[in-house]
Amino acid sequence: MGRAVTTVNSGKMMLEEIKKALEFYQELGFEYLPFKAVTSNELRVTSKATNYEPKSSLITEPTLSRRFGTKGHSSHVKESSLKSLRETIGDCKRCKLSDGRTNIVFGEGNPNTEIMFIGEGPGMEEDQQARPFVGEAGKILTSLINKMGLKREDVYIANIVKCRPPMNRPPQDDEINACKPFVEEQIKIINPKIIMTLGKTAVHTLLNIKTPISKLRGSFHEYMNIPVMPTFHPAYFLRNPKDKWLTWSDAQKVIEALNK
Ligand code: SF4
């Protein structure tokens, strides 16, 4: 009888654990679980590994505040260098994207961060608010940043081109070439430990290659001696939400690298 009660209790605990795990993945935006089906034999083997810890927990709160919250001399210098860069850009008319823009979207965030996110260019919301990634795709990016154990204000977010391309078309080569020096300077000033590029334009521009994003994502590349992790643009997930786990997998590699 005692043994039967113990078995029932451990069954309840297991169900509780499964429920928590499912809620965890649902919170991450998963619509199905990215696991392959396993045989009952495999289940018997893997069921021993019960001490799973989400990788995001590898970064502890004290570590985060050391990395992303510190305001020191270097932060002050970086802030004033970014301010000078913004002044240099001025009311830029160096390319034809200036014709249709409402605002220049320079970029924002913590200049002392160890991680920069670089996208393609502003959309309609961003153009109106002069802030990067504040529309629907921005919500997805903010959610990713939060799932990584960070806040938006802990990181720095910028784009390859600072003005909105008409009808949200991809920026053209002449526009990218005209604007690229600004993002390069932002990277030099911030000197992050890792760059996460969002979408093909960002990674193709920084790495000067044309390899499809599907082949580039998931492993580190290098730009100015800084590791670059390419991943999909958050707007891609508005159409393909089931692929969100791919970017989460890329983000986990970034978390691990930051924690080394
Ligand atoms: S996209 Fe860049 S180069 Fe072109 S007008 Fe805007 S700030 Fe200037």
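Fair warning: this is a prediction, and the values are worked out from it, not measured in the lab.

### A short note on the overall build of the protein
- Along the protein, the regular secondary structure elements total eleven helices and six strands.
- When each of the 260 residues of the protein is scored for burial, the buried share is 33%.

### Structural notes on the site of the ligand
- Taken together, 14 residues lie near the ligand, and C92, C95, S98, C163 and C179 sit nearest.
- Considering only residue class, the shell around the ligand consists of nine nonpolar, one polar and four charged.

### Concerning the nonpolar core
- The biggest cluster of nonpolar side chains holds 46 residues, and the ones touching the most others in it are M116, F117, I118 and V155.
- Broken down by element, the residue count for this core peaks at six residues, all from helix α7 (residues 173-190).
- Here F117 is in contact with L141, V155, I157, M196 and L198, once residues within four sequence places are set aside.

### Brief notes about helix α6 (residues 136-147)
- Taking 1.5 Å as the rise per residue, α6 with twelve residues should run 16 Å; its terminal C-alpha atoms sit 17 Å apart, in good agreement.
- On the buried face of α6, the contacting elements are β2 (115-119), α10 (236-239) and α11 (244-258).
- Just past α6, the residue G149 takes up positive phi, approximately 90 degrees.

### Examining the confidence of the model for the protein
- Residues of the protein with pLDDT of at least 70 account for 72%, and the chain-wide mean is 82.
- pLDDT under 50 marks residues 27-72. Its contacts with residues more than four places away, or in other chains, come to 41 contacts.

### As for the sheet that holds β2
- Across the sheet, six strands lie side by side as β1-β3-β2-β4-β6-β5; this open sheet has mixed pairing. Of all strands in the sheet, those with a lone pairing partner are β1 (108-109) and β5 (221-223), marking the two edges.
- One ladder, built from four bridges, connects strand β4 (residues 194-198) with strand β6 (residues 226-231); its direction is parallel. Bridging across to β6, T197 finds its partner in P230.
- Together, β2, β4 and β6 form the strand contacts of α11, whose direction differs from that of β6 by roughly 165 degrees.

### Notes on the pairing of β2
- In terms of burial, β2 is largely enclosed, as five of its five residues are buried.
- Because side chains alternate across β2, one face comprises the buried residues I115, F117 and G119, and the other comprises M116 and I118, equally buried.
- Of the pairings in the sheet, the one linking β2 to β4 comprises four bridges and is parallel in character. In the strand pairing of β4, M116 is matched with I195.
- One ladder, built from four bridges, connects β2 with strand β3 (residues 156-159); its direction is parallel.

### Describing helix α8 (residues 200-207)
- Burial runs high along α8: seven of the eight residues are buried.
- Turning to α8, its buried residues are K200, T201, A202, V203, H204, T205 and L206.
- Buried residues along α8 sit in contact with β2, α7, β4, α9 (213-216), β5 and β6.
- One or two residues past the end of α8 sits N208, with phi positive at roughly 55 degrees.

### Description of the environment of E185
- Among the structural elements, E185 can be located in helix α7.
- Classification of E185 by C-beta neighbours within 10 Å gives partly exposed; the count is 16.
- The sequence separation of E185 and L82 amounts to 103 residues, and the corresponding C-alpha distance is 8.6 Å.

What counts and how
Residues numbered from 1 in each chain as written. Predicted model: local features only at pLDDT ≥ 70, side-chain atom pairs only at ≥ 80, totals over all residues. Helix = DSSP H or I, 4+ residues; strand = E, 2+ residues; numbered from the N terminus. Buried ≥ 20, exposed ≤ 12 C-beta atoms within 10 Å, placed from the backbone. Near = placed C-beta within 6 Å. Nonpolar A, V, L, I, M, F, W, Y, C, P; charged D, E, K, R; others polar. Core = buried A, V, L, I, M, F, W, Y, C linked by C-beta atoms within 7 Å. Contact = placed C-beta atoms within 7 Å. Expected span 1.5 Å × (residues − 1). pLDDT = per-residue confidence, 0-100. Pairing = 2+ DSSP bridges. Axes fitted to C-alpha atoms, helices over the stretch in contact; angles between N-to-C directions.

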